[in-house]
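Structural overview for review
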Amino acid sequence: MSLLSLTNVSAFYGPSQALFKVSLRVAEGQVVALMGRNGMGKTTTVKTIFRMLPVAGGELLFDGHDLRRLASHRAAKLGLGLVPEGRRCFPNLTVEENLIAAARPGHWDFKRVAQLFPRLEERRSQSAASLSGGEQQMLAIGRALMTNPRLLVLDEATEGLAPIVRQEIWKAIGTLKHESGLAILVIDKSLKELARIADEAVVLQRGETVWHGPMADVGNGVAEQYLGV
Amino acid sequence: MTRETLFNAVLGLGLFAFPLWAWWAEEPFMITLSTRVVILALAGVGLNLALGLGGLVSLGHAAFFGIGGYAMGILASHAQSYTPLMEFPFVIEGTKSMPVIWLVAVVASALAALVIGALSLRTSGVYFIMITLAFGQMLFYFAISWPAYGGEDGLSIYVRNSFPGLNTLDPIQFFLICYAILGAVLLLSARLAASPFGLALNAARQTSERVETVGIRPYRLRLTVFVISGMITGLAGALFADLNRFVSPSMLSWQTSGEIMVFVILGGVARLFGPVAGALLFILLEHVLGGLSEYWHIYLGLLLLGVVLFARGGVIGTLAGQGGKHG
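Procedures and definitions
Residues numbered from 1 in each chain as written. Chains lettered and ligands numbered in written order. Predicted model: local features only at pLDDT ≥ 70, side-chain atom pairs only at ≥ 80, totals over all residues. Heavy atoms only, no water. Phe/Tyr/Trp six-rings, centres within 6.5 Å; stacked < 30°, edge-to-face > 60°. Helix = DSSP H or I, 4+ residues; strand = E, 2+ residues; numbered from the N terminus. Buried < 20%, exposed > 50% of the residue type's maximum accessible area, 1.4 Å probe, protein only. Patch = residues over 30% accessible without salt bridge, like charges linked within 9 Å, V, L, I, M, F, W, Y side chains within 5 Å. Areas by Shrake-Rupley, 256 points an atom, 1.4 Å probe, with all protein chains shown as cover. Salt bridge = Lys/Arg side-chain N within 4 Å of Asp/Glu carboxyl O. Pairing = 2+ DSSP bridges. Axes fitted to C-alpha atoms, helices over the stretch in contact; angles between N-to-C directions. Parallel < 35°, antiparallel > 145°, perpendicular 65-115°, else oblique. Left-handed = near helix turned anticlockwise from the far one by under 90°. Contact = heavy atoms within 4.5 Å. Buried area = accessible area lost by both parts, 1.4 Å probe. Polar contact = N/O pair within 3.5 Å; in protein donor to acceptor, adjacent residues only side chain to side chain. Nonpolar A, V, L, I, M, F, W, Y, C, P; charged D, E, K, R; others polar. Domains from an automatic or database assignment.

**Here's the deal with the packing of aromatic side chains**
All names here are of chain B.
- Taken as a whole, this structure holds 13 aromatic pairs over all chains when the rule is applied.
- Ring centres of F128 and F226 lie 6.1 Å apart, and the angle between their planes is 80 degrees; on these two criteria the pair is classed as edge-to-face. Of this pair, F128 sits in helix α5 (residues 125-144) while F226 sits in helix α9 (residues 218-244); the two residues are 98 residues apart in sequence, bridging distant segments of the chain. Accessibility assignment for this pair places F128 and F226 in one class, buried.

Given below as structure tokens:
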């Protein structure tokens, strides 16, 4: 049974329709890559899942709960964790405070997050605004983990980062997959890294799901056809 | 130890030492002036929780200050006239006991803050300011038209209320009570700011949408801090009425709300000791400049303008540098 399930979801930005028929499934412990060129509706899909954008049509379920009826904070409490595009840490709080502010009881606590990202331990008293881009990204992931989610959504988690930092982030995501069994919906442009970590892939084009299947099959013409790779 | 902590310690000790000196020098007026600083600082600490931590610009905090004041006035006036407050369905007598009065003041303010907050927090920005102001003015006009408790003339209490084991008529003993309460509330305020609740509230002040995605409901956090803030300001109101042995609708006026906000802005918004520094500066100006000119508020206005334009961290921000979220 799917943990997260979107069926023919549509959404609008004011009068403009951004999503037409988006369908995707993420099962427990599965990593699904949400792919597509720029402006095809990946972040809009994330915003719809997290109720930052109203659902105009279709079905949106998380663990059997109809997300359309839930406010954003309730969806998060059910176990949806978001690492938003652009990190969006709380700039006036320190690293430790950012993590405490989001904390909910469960497996993930400050110690475990610091084990995953030792740099956060080193910077624990530093304000989030003073961190480098990579450190802010680690903090954004750590903050999402502190909510003890069942499904983690990573929206462009490695965008704009130095290659060495990206490697560190991918390594952490790999650890999350293999050691914690967390379900992950990941959006990223790095096909190579996605191929290494994702089990399934969903491709969006103009706000519509145009392909879904095993990640291993993305190489067989899908990437050329829909992603321009 | 940070510069701010050092400054706070100096301020706290100075505020404690000055009335002790005045007591030794037999200057009771100076003790009363210090008590006034402490009580107004307490009201400011209450507002600072909502304003500094929650980002809630409330222009209706005089409502809680006045409710606290009237809680004291009503209970004490019934006690001094030996008439019950209520006879049906059960008898409620007045009281001269400070702890009981404080409890009533805090509970009444909490209930008022719950109602005002629950409605006002559905709005934000200028609408929030206007709604809180409107609630404050509603209570102000209600007090004016309430002849049973003095109406526009207010209520006088002949003897200060009592506290077990202390002589509250002795200015220094009453000061010590107020100072101890301020200390306890500052401690609570610091603990609250550093707690997961305070941090989440601070994060919600920076951005509502982001905190919702980590499972935090900003409305509930803001309502909770608004109620706590109202309770503290209500307690300050009860003490203020006891200090003056008088309560009047002016405690509920929008000017009072403005003055409480001035303490916070002058001292430093979101600084733990900001309202203490602000209230101290305000009373100093009132005392010094008020002796020179009847129009001393002009100078206060100029100072406030200077703080807003050039020293946005207030007195503490200017002296202790960047920071502030009750750090």
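**Quick word on unusual backbone geometry**
- A cis geometry characterises the amide bond from F88 of chain B onward to P89 of chain B, with omega recorded as 5 degrees.
- As for its position among the elements, P89 of chain B is in the loop between α3 (62-81) and α4 (98-120).
- With phi around 60 degrees, R51 of chain A is a residue other than glycine that occupies positive phi space.
- Relative to the helices and strands, R51 of chain A resides in the loop between α1 (42-49) and β4 (55-62).
- Despite not being glycine, R206 of chain A shows a phi value in the positive range, around 45 degrees.
- By the element assignment, R206 of chain A lies in the loop between β9 (200-205) and β10 (208-214).
- In this structure R206 of chain A comes out as exposed when scored by relative accessible area, which is 62%.

**Section: a nonpolar patch on the surface**
- On the surface, Y295, I298, Y299, L302, L305, L309 and F310 of chain B cluster together into a nonpolar patch covering about 870 Å² of accessible area.
- Here Y299 of chain B lies in helix α12 (residues 296-310).

**Side note on the pairing of strand β6 (residues 80-83) of chain A**
Residue and element names in this part refer to chain A.
- Residue alternation in β6 divides its side chains into two sets, L80 and L82 and G81 and V83, and both sets are buried.
- With four bridges joining them, β6 and strand β7 (residues 151-155) adopt parallel strand pairing. Its bridge partner being in β7, L82 is matched across the sheet by V153.

**Considerations on the packing of helix α2 (residues 28-53) of chain B against α9 of chain B**
Residue and element names in this part refer to chain B.
- Their axes nearest at 7 Å, the elements α2 and α9 cross at an angle of 165 degrees. One way to sum up the angle between α2 and α9 is to call them roughly antiparallel. In this structure, α2 meets α9 at a crossing whose hand is left-handed. Seen from α2, the contacting residues are T32, T35, R36, I39, L40, L42, A43, G46, L47, L49 and A50; seen from α9, they are V225, I228, S229, I232, T233, L235, A236, L239, F240 and L243.

**Regarding the interface of chain A and chain B**
- Contact residues are listed per partner, giving 21 residues for chain A and 18 residues for chain B.
- Taking both partners together, chain A and chain B bury about 1800 Å²; carbon and sulfur atoms supply 61% of that area.
- Taken together, the connections running from chain A to chain B amount to zero salt bridges.
- On inspection of chain A and its partner chain B, the count reaches two residue pairs in polar contact (both at pLDDT 80 or more).
- Counted by class, the side of chain A that touches chain B contains twelve nonpolar, four polar and five charged residues.

**Looking at the domain arrangement of chain A**
All names here are of chain A.
- Taken domain by domain, chain A comprises domain 1 (1-78 + 152-158 + 185-229) and domain 2 (80-149).
- Computed from C-alpha atoms alone, the centre-to-centre distance between domain 1 and domain 2 is 24 Å.
- Listed as interface residues are 17 residues of domain 1 and, on the opposing side, twelve residues of domain 2.
- Of the roughly 1200 Å² buried at the junction of domain 1 and domain 2 (both faces included), carbon and sulfur atoms supply 65%.
- In terms of surface lost to domain 2, no three residues of domain 1 exceed F50, L152 and D155, which account for 37% of the buried area on that side.
- Between domain 1 and domain 2 we count zero salt bridges in total.
- Only α1, α2 (72-78) and β7 provide two or more residues apiece to the side of domain 1 that touches domain 2.
- For the side of domain 1 that touches domain 2, the residue count by class is 13 nonpolar, one polar and three charged.

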